[in-house]
Amino acid sequence: MTSSRPIARKRPDELRSHRWFGVQDLRAFGHRSRLRQIGYDAEDWAGKPVIGIVNTWSDINACHAHLRERAEDVKRGVLQAGGFPLELPAISLAEPFQKPSTMLYRNLLAMETEELLRSYPIDGAILLGGCDKTTPGLVMGAISMGLPFIYCPAGPMLRGNWRGQALGSGSDVWKYWDEKRAGKITEAEWEQMENGIARSFGTCMTMGTAVSMMSVAEALGLTLPGAALIPAADSNHPRMMTHAGRRVVDMVWEDVTPDRILTAKAVDNAIVVHMALGGSTNVMIHLIAMARRAGVALSLERFDQISREVPVMANIRPSGAHLAEDFYYAGGLPALMKELGGKIHGDCLTVNGETMGVNVAKAEVYNADVIRGLQNPIYAEGGTAVLKGNLAPRGAVMKPSAAEPRLTKHRGKAVVFRDYNHMAAEIERDDLDVTPDHVLVLQNAGPKGGPGMPEWGMLPIPRKLVKAGVRDMVRISDARMSGTSYGACVLHVAPESFVGGPLALVETGDEIEVDVSKRLLHLHISDEEMARRRTAWVAPHPRYERGYGRMYQEHIGQADDGCDFDFLEHGAEVPEPEIH
Ligand code: FES
């Protein structure tokens, strides 16, 4: 109910862009004359907030294919409200295409966003994106710059279709790929799925990282209410964009900067929503990085505390049965947050100038199978658990709601793969010495080792076991996995094996114990044996000798610290550029 307090409005000469356009000196002459070169006139900019529209559209990013048009919808709103819109293209992180992993480039997008907003005459920003790492990349940079901004999610694509069955991005690919490996799906059927699984622009529509992160952004208060999961192809989507364009102009006049929105309570709201959604394990990395950029201390422990208090209420694949489109029409995120009741801090400010409590007060659940109540969840605890032990002294994460329940307490012998290529060469062998009770271990797939911590954590089930009908096993790595993935996969083991974490010391035949109820991940070897192996361990050569990769490898943090660059963390002031 912030709207009830008097709102101080800036004067035009207090706008940041005034330094570029409003003063009478040699440089301002250049700035204005160059705007005139584009065809603008003083009526376009004089005394108006300049709104930078950071757009991650690209020909190669199918999830963002509509963002070129959506930028025009935003501009319409900015103009309606008396602002001056300028579109600023930024690197597009297209999850399926960019190698070795878009995670390698999340921080590059964050840097680019921060520097675009810093170095140009921008007063406020609209951030356009949604594919996995794009949301955290854009938001991290905008938080560091500290200007008023609204994040406008790309929205999920329409549900997939195959012979009248709904297909979900990722989740059904993994599922039917195993059926194909087991000889139960023909080439022709597989091709039909290829044609039907992604049938509109927009992000993955399962509870993958994209849907999870768009939702987290809304729970933080960084989107307009209900914006996170509007299907990309729904006409509500361009209307949301225009609304955001109008609103951000007022945010500039009211000086609604991100530090007023991103409080410890807002971060807790995001974690509560993440747990209730059964969100992607990747959220834990990204939210730690985002919160810390805002100066909010956040560690894995907070996720684990909240995980024990909040059940999974969103019946969406891979933990549940439905898809993002169903969730939106069932009432969407505002309805879920209303169902969460007192678990949500209702007094947090959001970008529309209202509190979260006001924003969700009128929401309703229209389909109680898709959005469950606290008393009728699909999983009794939160979607992600934090495990610790001598194998992961700084933590590891698991999504027990998406695993076969028998594997949440398990002890078995390790089969160790030293890297992805080793695993890929072994996993299809019919003579591989492996049973369903073995624990598959993948080394050197972390932030430095992958490099870029690729989504390799859902290791394939060995082919001979797939043929025998096995569909889940305990798998452990320092990699991530797609939020669309599922199974008893222990991920993000920190410190990673590439820097000498205990995961590097596991050998085939060692016994490993996983116990989710005790939050335990234990390697059953003696301390003396662990010490002996550590002494014998030889550090691998760095992955990169030059360029961005070298900078990445020298400054990237571990998973439990959010994988941010050390020099981008909260602290030092972001200087305004001098204009000479
Ligand atoms: Fe873009 Fe999944 S590939 S969100």
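Fair warning: this is a prediction, and the values are worked out from it, not measured in the lab.

Cut-off values and rules
Residues numbered from 1 in each chain as written. Predicted model: local features only at pLDDT ≥ 70, side-chain atom pairs only at ≥ 80, totals over all residues. Heavy atoms only, no water. Helix = DSSP H or I, 4+ residues; strand = E, 2+ residues; numbered from the N terminus. Rg over C-alpha atoms; globule rule 2.2 N^0.38 Å. Buried < 20%, exposed > 50% of the residue type's maximum accessible area, 1.4 Å probe, protein only. Areas by Shrake-Rupley, 256 points an atom, 1.4 Å probe, with all protein chains shown as cover. Lys, Arg positive; Asp, Glu negative; His and termini not counted. Charge placed at Lys NZ, Arg CZ, Asp CG, Glu CD. Contact = heavy atoms within 4.5 Å. Pairing = 2+ DSSP bridges. Axes fitted to C-alpha atoms, helices over the stretch in contact; angles between N-to-C directions. Parallel < 35°, antiparallel > 145°, perpendicular 65-115°, else oblique. Nonpolar A, V, L, I, M, F, W, Y, C, P; charged D, E, K, R; others polar. Phe/Tyr/Trp six-rings, centres within 6.5 Å; stacked < 30°, edge-to-face > 60°. Core = buried A, V, L, I, M, F, W, Y, C linked by side-chain atoms within 4.5 Å.

Q: Whenever I open this one, the overall build of the protein chain confuses me. Can you help?
A: The helix and strand inventory of the protein chain stands at 21 helices and 14 strands. For 580 residues, the compact-globule estimate of 2.2 N^0.38 gives 25 Å, and the C-alpha radius of gyration of the protein chain, at 24 Å, lies within 12% of that figure. Along the first, second and third principal axes, the C-alpha atoms of the protein chain reach 75 × 55 × 45 Å. Across the 580 residues in the protein chain, those meeting the buried criterion constitute 61%. Accessible surface, the protein chain as shown: approximately 22100 Å² in total, 51% of it carbon and sulfur. A gap of 1 Å separates the mean positions of the 64 positive and 72 negative side-chain charges of the protein chain.

Q: Quick question: what am I supposed to make of helix H16 (residues 332–339) here?
A: Two residues of an α-helix separated by three or four positions point the same way, owing to the 3.6 residues in each turn. With six of its eight residues buried, H16 lies for the most part within the structure. Every buried residue belonging to H16 is among Gly332, Leu333, Pro334, Ala335, Leu336 and Met337, and all of these are buried. The elements touched by buried residues of H16 are helix H9 (209–220), helix H12 (264–277), helix H15 (324–329) and helix H17 (356–360). Among the residues trailing H16, Gly341 stands out with phi positive, at a value near 55 degrees.

Q: Help me out: how do you make sense of the sheet that holds strand E2 (residues 84–89) in this one?
A: Two strands in a sheet stick together by hydrogen bonds in their backbones, pointing the same way (parallel) or opposite ways (antiparallel). Spatially, four strands are ordered E2-E1-E3-E4 in an open sheet, and the strand pairing comes out parallel. Looking along the sheet, the strands with just one partner apiece sit at the ends: E2 and strand E4 (149–153). Adjacent strand axes in the sheet meet at a mean angle of 20 degrees, parallel and antiparallel pairs treated alike. Here strand E1 (residues 50–55) pairs with strand E3 (residues 124–129) via five bridges, running parallel. Counted as the bridge partner of Ile51 is Gly124 from E3.

Q: When you look at the packing of helix H5 (residues 103–119) against helix H21 (residues 547–555) in this model, what are you seeing that I'm missing?
A: Between two packed helices, the angle of one axis relative to the other and the distance separating the axes together describe the packing. The interhelical angle for the contact between H5 and H21, taken along N-to-C directions, is 95 degrees, at an axis separation of 11 Å. Viewed along their axes, H5 and H21 adopt a mutual orientation that is roughly perpendicular. Residue-level contacts link Met103, Leu104, Tyr105, Asn107, Leu108 and Met111 of H5 to Tyr548, Met551 and Tyr552 of H21. Considered class by class, the residues forming the contact of H5 with H21 number eight nonpolar, one polar and no charged.

Q: Help me understand the side chain of Asn107 in this model?
A: By secondary structure assignment, the location of Asn107 is in helix H5. With near-sequence residues (within four places) excluded, Asn107 lies in contact with Met140, Tyr548, Ile556, Cys563, Asp564, Phe565 and Leu568.

Q: Help me understand the packing of aromatic side chains in this model?
A: Describing an aromatic ring pair means giving the distance of the ring centres and the angle of the ring planes. Counting across every chain of the model gives eleven aromatic pairs. Residues Tyr40 and Phe84 carry aromatic rings whose centres are separated by 4.8 Å and whose planes lie at 85 degrees to one another, so their mutual orientation is edge-to-face. Taken together, the positions of Tyr40 in the loop between helix H2 (26–38) and helix H3 (42–45) and Phe84 in strand E2 put the pair 44 residues apart, joining distant regions of the chain. Residue Phe84 is classed as buried on the basis of its relative accessible area, which comes to 2%. Seen from their ring centres, Trp177 and Trp190 are 5.5 Å apart, and the 40 degrees between their planes marks the pair as tilted.

Q: I keep staring at the pairing of strand E13 (residues 511–515) and nothing clicks. Help me out?
A: In summary, the side chains of a regular strand alternate between the two faces of the sheet. Counted residue by residue, E13 has four buried out of five residues, so it is predominantly covered. As judged from the five bridges shared by strand E9 (residues 409–417) and E13, these two strands associate in the antiparallel manner. When the bridges of E13 are listed, Arg411 appears paired with Glu513. Two elements, E13 and strand E14 (residues 520–523), share four bridges in a ladder whose sense is antiparallel. Within E14, the residue paired with Val514 across the bridge is Leu521.

Q: What's the story with the nonpolar core in this structure? I'm lost.
A: Within the largest apolar cluster, 128 residues are counted, with the highest numbers of intra-cluster contacts made by Ile126, Leu220 and Phe327. Here this core gets nine residues from one element, more than from any other, and that element is H12. Sequence-distant contacts of Phe327, defined by excluding residues within four places in its chain, comprise Leu229, Leu277, Ala314, Ile316, Gly332, Leu333, Leu336, Val370 and Ile371. Listed in part, the 28 residues of the second largest apolar core include Val416, Val474, Ala504 and Val514.

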